[in-house]
Number of protein chains: 4
Amino acid sequence: MHVQEMIRTHPQPPVVDRDALARCIDACFDCAQSCVACAGACLGEAEHVQRLARCIRLDQDCAEICEVTGNILSRGFQPDPDVIARQLAACIVVCERCAQECNRHASEHEHCRVCAVACRQCLEACQIVAGQLDGHRIAAATH
Amino acid sequence: MHVQEMIRTHPQPPVVDRDALARCIDACFDCAQSCVACAGACLGEAEHVQRLARCIRLDQDCAEICEVTGNILSRGFQPDPDVIARQLAACIVVCERCAQECNRHASEHEHCRVCAVACRQCLEACQIVAGQLDGHRIAAATH
Amino acid sequence: MHVQEMIRTHPQPPVVDRDALARCIDACFDCAQSCVACAGACLGEAEHVQRLARCIRLDQDCAEICEVTGNILSRGFQPDPDVIARQLAACIVVCERCAQECNRHASEHEHCRVCAVACRQCLEACQIVAGQLDGHRIAAATH
Amino acid sequence: MHVQEMIRTHPQPPVVDRDALARCIDACFDCAQSCVACAGACLGEAEHVQRLARCIRLDQDCAEICEVTGNILSRGFQPDPDVIARQLAACIVVCERCAQECNRHASEHEHCRVCAVACRQCLEACQIVAGQLDGHRIAAATH
């Protein structure tokens, strides 16, 4: 991935830590890919598909929210802190729900186990960026 | 648009009012399309492009968030109320910011004026669904 | 939808007929929404879900391809005719396959019947724009 | 990225080589991220933005087409070879055009130089998968 190089060559510096931002963008796209793949794999589980219907639904929601969150964090130019904070909040909750649902099927379906790991990593990476952004917004408000 | 027919033929009833849901889904896709078109039109404004850079950025963020919000509301099957509430919150704030920015250029660029209207309509449609969803979540929590 | 107003207010005229372009953009977003809704409705069809697995897969592919095609047609600014022609070709084939698969379930599941109509309309609208674009490319190549 | 693990744990084997598929999916998401970041960086280039307008447009088209291509390749379940072939064809041409345009600005703007590399890698990875898929389709047609 060229994420770090793209952050380094952006004409404006990011408002959060470069490494945390790169990790979060990577984690968003990794989680999006895992969720799309997990939904596809669930569709291939023959007589188990019905039991995996909620997993497929959350996978798809999570994939789309992660892709958009990754895109918004990638733009860099004049980011709106409120938009980013709320999109991160949506991403954190959908990653949590998708990880929970995938974990319920992890012992039977290994793709669910792997997807739950990707969701958990994305959730944590988003929480770190959201925390730094919060600090930045409080500092901006008190100056 | 076949939005209303798709809601009517879904095997489960929605947790919010059918008309409010249909209007919100329509407004999300309409706003997404207007924002993508406004960003493209801004790129064609020759020597004004630099002044429109923030508008292009917000247009693109708004388009992507609206598309995802419209998709999540369209699925219907076992919706997670917390995911939907947070995604609606992100959609409401990005529509507000994009409408504000577009309005700043509305007298000079008619595409910004039209786009601001689409953003404002989407914001209002999302607020109605978010309000109904809140009532539903409070009712669910007290039973 | 504000599609027509956005086309009218764009600083550059489109290379294809304005009405055909507006109809195609409308049809792309309508089809995308119908496909996402159909996939969600299929997930709610209890013991029929397994039989609908291929429908869910094609619905999701079709939704994403239509959204991107709608976006690319919406930008207007300096469109690359080869990119648009190939994206339209992908859109036409996925709409055809999704309509076929939905039609197989149309008598049992009304959402599949409605979705097949949306796919068919999108396919036809894309073919018209693709035909006009071809004429434009041939004319450009011979001058 | 968990791409390889997701391919390995899918209940059905892919129709193309696992390593080529994994590399292509990785390259699609890497290119999508680079293009979104390059568009954002271009918007931050002050008085150069006007000159970068075509680059921003192609970046955004390329990002969206790569994301969808990566998603469609990730699903794995009952892939439609014609849909995949046509979507890969669209991806190959948009990566080529975006790389060309980015290369025109590579000496002045390092983000364009990095983005052109990501586009070129995605183009090559897509060509390999498209070639394998073609072989598979010819073999299927002659049996």
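Our structure's up above, just so we're on the same page.
Residues numbered from 1 in each chain as written. Chains lettered and ligands numbered in written order. Predicted model: local features only at pLDDT ≥ 70, side-chain atom pairs only at ≥ 80, totals over all residues. Heavy atoms only, no water.

1. Digging into the overall build of chain A
Operational definition: The numbering of helices and of strands both runs from the N terminus, where a helix is a DSSP run of H or I of at least 4 residues and a strand a run of E of at least 2. Whether a residue is buried, partly exposed or exposed follows from its accessible area with a 1.4 Å probe, protein chains only, as a fraction of its type maximum: under 20%, in between, or over 50%, in that order. In this description, contact between two residues means that some pair of their heavy atoms is separated by no more than 4.5 Å. Accessible surface area values rest on a Shrake-Rupley calculation with a 1.4 Å probe, where residue burial reflects the displayed protein chains alone. Positive charge is attributed to Lys and Arg, negative charge to Asp and Glu, and no charge count is given to His or to the chain ends. Taken as the charge location is NZ of Lys, CZ of Arg, CG of Asp or CD of Glu.
Looking only at helices and strands, chain A features 5 helices and 0 strands. In chain A, the succession of α and β elements from N to C terminus is α-α-α-α-α. The dimensions of chain A, computed from C-alpha atoms along their principal axes, are 60 × 30 × 20 Å. In chain A, buried positions account for 63% of the 143 residues. Taking the intrachain contacts of chain A between residues at least 6 apart in sequence as the baseline, contacts between residues at least 24 apart amount to 72%. Accessible surface, chain A as shown: approximately 5000 Å² in total, 49% of it carbon and sulfur. Taking the 13 positively charged and 19 negatively charged side chains of chain A as two groups, their mean positions are separated by 4 Å.

2. Concerning the relation of the copies chain B and chain A
Put simply, the rule reads: The copies are overlaid by a least-squares fit using only the C-alpha atoms of residues whose pLDDT is at least 70 in both copies.
Its rotation angle being 180 degrees, the transformation that places chain B on chain A also includes 0.0 Å of axial translation and leaves an RMSD of 0.0 Å. Between the two chains, the operation in question is that of a two-fold axis. Looking at the interface residues of chain B, 100% of them are also at the interface in chain A, so both copies use one shared face.

3. Notes on the interface of chain D and chain A
Our working rule: Buried area adds together the accessible area that both of two parts lose upon being put together, with accessible area traced by a 1.4 Å probe. What counts as a salt bridge is simple: a side-chain nitrogen of Lys or Arg found within 4 Å of a carboxyl oxygen of Asp or Glu. Under the rule applied, a polar contact is a pair of N or O atoms within 3.5 Å (in protein, one hydrogen donor and one hydrogen acceptor; residues adjacent in sequence only if both atoms are side-chain atoms). We call Asp, Glu, Lys and Arg charged. Ala, Val, Leu, Ile, Met, Phe, Trp, Tyr, Cys and Pro are nonpolar, and the rest, Gly among them, are polar.
Facing the 37 residues of chain D at the interface are 37 residues of chain A. Summing the contributions of chain D and of chain A, the shared interface buries around 3300 Å²; its carbon and sulfur component is 62%. Ranking the residues of chain D by area buried against chain A places D:His2, D:Met6 and D:Gln33 at the top, with a combined share of 21%. At the junction of chain D with chain A, the criterion picks out 2 salt bridges. Between A:Glu110 and D:Arg8 there is a salt bridge, with the nearest N and O atoms lying 3.6 Å from each other. For the interface between chain D and chain A, the tally reads 8 residue pairs in polar contact (both at pLDDT 80 or more). If you list the elements that add at least two residues to the side of chain D that touches chain A, you get helix H1 (3-8), helix H2 (18-43), helix H3 (53-75) and helix H5 (110-141) of chain D. Of the residues forming the side of chain D that touches chain A, the biggest block, 11 residues, is contributed by H2(D). Split into classes, the residues belonging to the side of chain D that touches chain A amount to 16 nonpolar, 13 polar and 8 charged.

4. Re unusual backbone geometry
With phi around 40 degrees, B:Gln78 is a residue other than glycine that occupies positive phi space. Backbone geometry at C:Ala46 places phi at a positive 45 degrees, although glycine is not the residue there. Locating C:Ala46 in the fold gives a position in the loop between helix H2 (18-43) and helix H3 (53-75). Its relative accessible area of 32% is what places C:Ala46 among the partly exposed residues.

5. Some remarks on the side chain of C:Gln33
Inspection of the secondary structure assignment puts C:Gln33 in helix H2. Residue C:Gln33 is classed as buried on the basis of its relative accessible area, which comes to 1%. Residues contacting C:Gln33, with those up to four places away along its chain left out, are B:His2, B:Val3, B:Met6, B:Ile25, B:Phe29 and B:Ser74.

6. Description of the pattern of salt bridges
Residues and elements named next belong to chain C. Tallied over the entire structure, the rule returns 53 salt bridges over all chains. Here Asp61 makes a salt bridge to Arg57, at a shortest N to O gap of 2.9 Å. One end of the pair is Asp61 and the other is Arg57, both in helix H3 and 4 residues apart, which spans about a single turn. Both residues of the pair, Asp61 and Arg57, count as buried.

7. Quick notes on the packing of helix H2 (residues 18-43) of chain B against helix H3 (residues 53-75) of chain B
Residues and elements named next belong to chain B. We count it as follows: Simply put, an axis is a line fit to the C-alpha atoms, just over the touching stretch for a helix, and the angle between two N-to-C directions goes from 0 to 180 degrees. An angle counts as roughly parallel when it lies under 35 degrees, as roughly antiparallel when it exceeds 145, as roughly perpendicular when it falls between 65 and 115, and as oblique in every other case. Handedness of a helix crossing follows the sense of rotation of the near helix relative to the far helix, less than a right angle counterclockwise being left-handed and clockwise being right-handed.
Axis separation between H2 and H3 bottoms out at 8 Å; the angle between their running directions is 155 degrees. Between H2 and H3, the angle falls in the class roughly antiparallel. Regarding H2 and H3, the two cross each other, and that crossing is left-handed.

8. Here we look at the interface of chain B and chain A
With 25 residues of chain B at the interface, the matching set in chain A holds 25 residues. When chain B packs against chain A, the two sides together hide about 2600 Å² of surface, and 54% of this comes from carbon and sulfur. For the chain B face of the interface with chain A, the top three residues by lost area are B:Arg57, B:Arg75 and B:Arg86, together amounting to 25%. Linking chain B to chain A there are 8 salt bridges. A salt bridge links B:Arg75 to A:Glu64; the shortest N-O distance between them is 2.6 Å. Between the two partners, chain B and chain A, sit 17 residue pairs in polar contact (both at pLDDT 80 or more). Where the side of chain B that touches chain A is concerned, the elements lending two or more residues are H3 and helix H4 (81-104) of chain B. Per element, the largest residue contribution to the side of chain B that touches chain A is 11 residues, and it comes from H3(B). For the side of chain B that touches chain A, the per-class residue count stands at 11 nonpolar, 5 polar and 9 charged.

9. Observations concerning empty space enclosed by the protein
This is how it is decided: Using a 1 Å grid laid over the protein atoms alone, points where a 1.4 Å probe fits but cannot get out form a cavity; open sets with protein on both sides within 12 Å along at least 5 of 7 lines form a pocket; any residue with an atom within 4 Å of a point counts as lining. Grid points are joined across faces, edges and corners, and a volume is the space filled by probe spheres set on the points.
Taken as a whole and judged by the stated rule, the model has 5 cavities of 30 Å³ or more. In this structure, the largest cavity encloses a volume near 390 Å³. Around the largest cavity sit 27 residues that line it, and A:Glu67, B:Glu67, B:Val68, C:Glu67 and D:Glu67 are the ones nearest its centre. Considering only residue class, the lining of the largest cavity consists of 11 nonpolar, 8 polar and 8 charged.

10. Section: the relation of the copies chain D and chain A
Structural alignment of chain D on chain A gives an RMSD of 0.0 Å, achieved by rotating through 180 degrees and translating 0.0 Å along the axis. Most of the interface of chain D is mirrored in chain A, where 100% of its interface residues again form contacts.

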